[in-house]
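Structural description and commentary
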Amino acid sequence: MSEVQNKAQLAKNAALRIGRLNTEEKNQALLIMADALIRRTADIIEANAEDLRRGKELGTSASLLDRLALNESRIEGIAEGLRQIVELPDPIGDTLESIDRPNGLSIVKKRVPIGVIGIIYEARPNVTVDAAGLCLKTGNAVVLRGGSSALSSNRKMIEVLHEAMEGTALPKEALQLIEDPNRSSVDEMLKLNGLLDVIIPRGGSSLIQNVVMNATVPVIETGAGICHTYLDATAQPDMAAAISINAKVQRPSVCNSMETLLVHADYAKLHLTALAEEFRERNVELRGCQRTLSFAPWAALASSEDYATEYNDYILNIKIVDHLNEAIEHISNYGTKHSECIVTENEDHASRFLQEIDAAAVYHNASTRFTDGFEFGFGAEIGISTQKLHARGPMGLPALTSSKYVIIGSGQIRE
C-alpha cells in the first residue's frame with residue numbers, strides 16, 4: 001500500500017471517532033495544539049530555514065519566498081488562528097430545517113461533518129495549521145498534501161500538532177500529511193474515491209485546473225485571483241489612490257491582490273499620471289494599454305496574455321475604458337470570479353457593478369484585500385471558493401459541513 005493510500009485509510013478510520021466528539025473536547029485539543037506551536041517556535045523556524053535555503057538555491061521568486069517564510073510573529077498568528085477557531089460557534093449538529101408532516105413524521109435537517117477532506121496546496125505553510133484546525137473543529141479527518149517547497153516546515157508542524165494531540169480526545173490519525181514530494185502523490189489523491197469525500201485545492205491556476213480536470217473525487221474549486229479595481233469617473237481621488245495602492249502593494253503575493261486597474265477615461269485625464277507615479281515609487285512595474293502610455297510613458301505595453309495573468313508580484317496592468325459597460329465586459333472576459341471592486345460616488349453605477357459582476361466577492365469603495373476569512377469574521381479559512389455549488393467566497397466552518405435528514409416516526413409506513 002502506498003503512503004497516500006495508507007494515510008487516507010488511517011484518516012477514514014479516524015473520521016467516525018472524531019465525528020463523535022463534542023465541541024468542548026475539540027476546543028480543548030485545539031487550544032493545546034496552539035500552545036504547542038508557540039512552545040516549539042524555534043524548532044519550526046529552524047525547519048522553515050531549510051525550506052527557504054532550498055528555495056533560494058532553486059531561484060524561487062521573492063514573492064513566493066515571502067509566502068513560504070515563517071518567523072515568531074507569523075507563528076504567533078498561526079496559533080492565534082487556532083484560538084480564534086475555538087471561539088467560533090461549532091456548526092455540527094445545528095438544525096437547518098424542521099418539517100412536521102401531516103402523517104406525523106418529524107423531519108429535521110442537521111449539519112454533519114463531510115468525513116475525510118483532502119487538501120492540496122502550495123507554498124504557504126500556514127495553510128497546514130489553518131486547514132487542520134478548521135477540519136478538526138468540524139469533526140472531519142483531513143489529509144494534507146503541501147508543496148515540496150514547504151515540506152520541512154509542514155513536516156515539523158504536523159509533528160508538533162501530533163504530539164499535542166496525544167492525550168486529547170482528538171485522534172492524531174485524523175490529521176495526515178503526505179510527505180511524498182512527487183506529483184504522482186497528487187495524482188493518486190485525486191482518484192481516492194471511497195477514502196476521500198472531497199478535495200480542496202489551494203494554489204495557482206495550474207494546480208487548481210489539474211485537480212479540477214483530473215479528479216474523480218468531488219472537488220471544491222478555490223480560484224486563482226485575477227482581481228480588478230475599476231476607478232469610475234466620479235471616484236474620489238484620495239480614496240481611489242488609497243484603495244488601488246492597498247489592493248496591489250499591501251501583499252501582492254496573495255490571491256485577493258489586484259492584478260488589473262481599470263480607469264475611466266475622464267478620471268485618467270485628471271489623476272492617472274499621479275497615481276501611476278505612486279505605483280512607480282513603490283517599485284510596481286506597470287503594463288498598460290496604448291492610451292495608458294500617454295499618461296505613464298515608462299509603462300510597458302500590455303498584451304491580452306498580461307490581462308489573463310495572475311502575477312502575485314509587483315506587476316500591475318492598467319487599462320483605460322470609456323464607460324462602465326466596458327469595465328464590466330473586461331472583467332467578464334478576464335476575471336476569475338474571485339474579488340472585484342468599483343470606486344465611485346455614482347450609486348447607480350455602484351449598484352449595477354455589484355449586481356452584474358459575477359464574482360465571489362464584489363466591493364464598492366473598499367480594497368479587494370478584505371476577501372479573507374479573518375476579515376469576514378470567520379477566523380482562519382480553508383480557501384476562497386470561486387465556484388457556485390456548496391460554498392462560495394471565504395470558506396469557514398459551515399463550508400466544511402454536509403447535512404443529513406433525521407426522520408422520527410411512530411410506526412408510519414408508506415401506502
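Worth saying up front: this structure is predicted, and the values here are computed from it rather than measured.

Here we look at the domain arrangement of the protein chain
Here the protein chain is described as being made up of domain 1 (3-220 + 395-408) and domain 2 (227-370). Here the C-alpha centroids of domain 1 and domain 2 sit 34 Å apart. Across the boundary between the two partners, domain 1 contributes five residues, which contact five residues of domain 2. For the pair domain 1 and domain 2, the summed buried area comes to about 490 Å², and 35% of that belongs to carbon and sulfur atoms. Applying the counting rule to domain 1 against domain 2 returns one salt bridge. Among the salt bridges present, the one from Asp66 reaches Arg251, with a minimum N-O distance of 3.6 Å.

Side note on the side chain of Asp232
Within the secondary structure, Asp232 sits in the loop between β7 (227-231) and α10 (237-249). Among the polar contacts made by the side chain of Asp232, one reaches the side chain of His349 at a distance of 2.8 Å. Apart from the residues within four sequence positions on either side, Asp232 is in contact with His264, Tyr267, Val343, Thr344, Asn346 and His349.

Things to note about the environment of Leu316
Its place among the elements puts Leu316 in strand β11 (residues 315-321). Its relative accessible area of 0% is what places Leu316 among the buried residues. For the pair Leu316 and Ala42, spaced 274 residues apart in sequence, the C-alpha separation works out to 37 Å. In this structure, Leu316 is in contact with Lys248, Met258, Glu259, Thr260, Leu261, Phe279, Val284, Glu285, Leu286 and Arg287, ignoring residues within four places of it in sequence.

Overview of the packing of helix α2 (residues 23-39) against helix α5 (residues 72-87)
Where α2 contacts α5, the axes come no closer than 9 Å and their chain directions differ by 170°. Here α2 is positioned roughly antiparallel relative to α5, judged by the angle of their axes. Here α2 contributes Asn27, Leu30, Leu31, Met33, Ala34, Asp35, Leu37 and Ile38 to the contact with α5, which in turn contributes Ile75, Glu76, Ile78, Ala79, Leu82, Arg83, Ile85 and Val86. Taken together, the residues of the contact of α2 with α5 sort by class into twelve nonpolar, one polar and three charged.

Topic: the sheet that holds strand β5 (residues 175-177)
Pairing in this open sheet of four strands is parallel, and the strands run β5-β4-β3-β6 from one edge to the other. Across the chains shown, the open sheet's two edge strands, defined by having one partner strand only, are β5 and β6 (198-202). The sheet shows a mean angle of 20° between the axes of neighbouring strands, taken without regard to direction. Pairing between strand β3 (residues 116-121) and β6: five bridges, direction parallel. From the neighbouring strand, Gly118 faces β6, where its bridge partner is Ile199. The sheet strands contacting helix α7 (residues 151-165) are β3, β4 (141-145) and β5, and the helix crosses β5 at an angle near 160°. Its contacts with the sheet place helix α9 (residues 205-214) against β3 and β6, and it is angled at close to 160° to β6.

Side note on unusual backbone geometry
Of note in the backbone geometry, Asn312 takes a positive phi value of approximately 50° without being a glycine. Inspection of the secondary structure puts Asn312 in the loop between α13 (304-307) and β11. By relative accessible area, which is 13% here, Asn312 ends up buried. Despite not being glycine, Asn365 shows a phi value in the positive range, around 60°. One can find Asn365 in the loop between β13 (361-364) and β14 (384-385). Note on Asn365: relative accessible area 22%, which makes it partly exposed.

Section: the pairing of β6
Among the five residues of β6, five are classified as buried, and the element is accordingly described as predominantly covered. Residue alternation in β6 divides its side chains into two sets, Val198, Ile200 and Arg202 and Ile199 and Pro201, and both sets are buried.

Quick notes on the pairing of β7
The element β7 is largely enclosed, with a buried count of five among its five residues. Covered by surrounding structure in β7 are Cys227, Thr229 and Leu231 together with His228 and Tyr230, the residues of both alternating faces. Where β7 and strand β8 (residues 258-264) come together, five bridges link them in parallel fashion. Looking across to β8, one finds that Thr229 is bridged to Leu261. With respect to chirality, the unit in which β7 leads through α10 into the neighbouring parallel β8 is right-handed. Relative to strand β12 (residues 339-343), β7 runs parallel, the two being bridged by four bridges. Directly across from Tyr230, in β12, lies its bridge partner Ile342.

About the thresholds
- Residues numbered from 1 in each chain as written.
- Predicted model: local features only at pLDDT ≥ 70, side-chain atom pairs only at ≥ 80, totals over all residues.
- Heavy atoms only, no water.
- Domains from an automatic or database assignment.
- Contact = heavy atoms within 4.5 Å.
- Buried area = accessible area lost by both parts, 1.4 Å probe.
- Salt bridge = Lys/Arg side-chain N within 4 Å of Asp/Glu carboxyl O.
- Helix = DSSP H or I, 4+ residues; strand = E, 2+ residues; numbered from the N terminus.
- Polar contact = N/O pair within 3.5 Å; in protein donor to acceptor, adjacent residues only side chain to side chain.
- Buried < 20%, exposed > 50% of the residue type's maximum accessible area, 1.4 Å probe, protein only.
- Axes fitted to C-alpha atoms, helices over the stretch in contact; angles between N-to-C directions.
- Parallel < 35°, antiparallel > 145°, perpendicular 65-115°, else oblique.
- Nonpolar A, V, L, I, M, F, W, Y, C, P; charged D, E, K, R; others polar.
- Pairing = 2+ DSSP bridges.
- Right-handed = clockwise from strand over helix to strand, strands pointing away.

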